[in-house]
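# Analysis of the macromolecular model
Listed here are the chains, written in short residue letters.
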Amino acid sequence: MDRLRLAAPVMFTALALALGFPGCDSSDSGGKDAITDSPGGADISGDRFDDHGEKFTLVVSGSGFAPHEGQALTVAFLEAGDDSAKGTQSTTITGGDFTVTFPDVLEAGRAYTVKYYADLSGNETCDTPPIDHGWSASVPAVTGDVTLPVTHNTNFDTSVCNFF
Ligand SMILES: [Ca+2]
């Protein structure tokens, strides 16, 4: 009953599609406008947004971090030009390497900045380098899944703790 009540105000063609082809979005000839709004009801808006912005996965792969062996390594990613972290993850540096994965977070055409720090001081808090060691890396406009390789260096980002 809810489906009928939702579909009816949209279009009669949408109602017909919902009844005749539940879950189907393209096989009817009822017109493209109707098809856009037709299949099913409550989850339409989510599908529509996905169509406009497929999400891609960000992998940050670090190597050469042996000086920080066993330390916590925390990664944040931001949209370029934005100061608020869109996601943060921590791991432990093992064998000089680390890998952090953010599944399905990047939007096509957008550029990102990745901030990351090793908790050298061991207090589970980001301290401005060189107390902890922290870095920044850029992800250019996204066209697909991204693997960002980073290697240990001493070019610290002294603002890195602003993002954790
Ligand atoms: Ca620290």
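Up top is the structure these notes are about.
## Let's talk about the overall build of the protein
Each helix and strand in the protein was counted, giving four helices and seven strands. Looking at the protein as a whole, 22% of its 164 residues are labelled buried. In the protein, once contacts between residues fewer than 6 apart in sequence are set aside, the share between residues at least 24 apart is 58%.

## A look at the sheet that holds strand S5 (residues 112-118)
Across the sheet, four strands lie side by side as S3-S2-S5-S6; this open sheet has antiparallel pairing. Taken across any chain shown, the strands that pair with only one partner, and hence form the sheet edges, are strand S3 (87-92) and strand S6 (133-139). Ignoring which end each strand starts from, the neighbouring axes of this sheet average 20° apart.

## Overview of the nonpolar core
Val60, Leu73, Val75, Phe77, Val114 and Tyr116 are the most contacted members of the largest nonpolar core, which has 21 residues in total. Those elements that place two or more of their residues in this core are strand S1 (55-63), strand S2 (72-79), strand S4 (98-107) and S5. Top element by residues in this core is S5. It accounts for five residues.

## So, the sheet that holds S4
Within the open sheet, the three strands sit side by side as S4-S1-S7. Their pairing is mixed. Taken across any chain shown, the strands that pair with only one partner, and hence form the sheet edges, are S4 and strand S7 (146-151). Within the sheet, the average angular offset between the axes of one strand and its neighbour, ignoring direction, is 20°. Here S1 pairs with S4 via seven bridges, running antiparallel. In the sheet register, Val59 faces S4, and the bridge partner there is Thr101.

## Brief notes about the pairing of S5
Most of S5 sits out of view: six of its seven residues are buried. As paired elements, S2 and S5 share seven bridges and run antiparallel to each other. Bridged to Thr74 within S5 is Tyr117.

## Quick notes on unusual backbone geometry
Of note, the amide linkage connecting Pro129 to Pro130 takes the cis form, showing an omega dihedral of 15°. For Pro130, the position within the fold is in the loop between S5 and S6. Not every positive phi belongs to a glycine, and Asp104 is a case in point at roughly 55°. Here Asp104 is to be found in strand S4. Despite not being glycine, Glu124 shows a phi value in the positive range, around 60°. Among the structural elements, Glu124 can be located in the loop between S5 and S6.

## Points about the environment of Val105
With respect to the helices, strands and loops of the structure, Val105 is situated in strand S4. C-alpha separation for the pair Val105 and Glu54, spaced 51 residues apart in sequence, amounts to 9.2 Å. Those residues in contact with Val105, other than ones at most four positions away along the chain, are Lys55, Leu58, Lys86 and Gly87.

What counts as what
- Residues numbered from 1 in each chain as written.
- Predicted model: local features only at pLDDT ≥ 70, side-chain atom pairs only at ≥ 80, totals over all residues.
- Helix = DSSP H or I, 4+ residues; strand = E, 2+ residues; numbered from the N terminus.
- Buried ≥ 20, exposed ≤ 12 C-beta atoms within 10 Å, placed from the backbone.
- Contact = placed C-beta atoms within 7 Å.
- Pairing = 2+ DSSP bridges.
- Axes fitted to C-alpha atoms, helices over the stretch in contact; angles between N-to-C directions.
- Core = buried A, V, L, I, M, F, W, Y, C linked by C-beta atoms within 7 Å.

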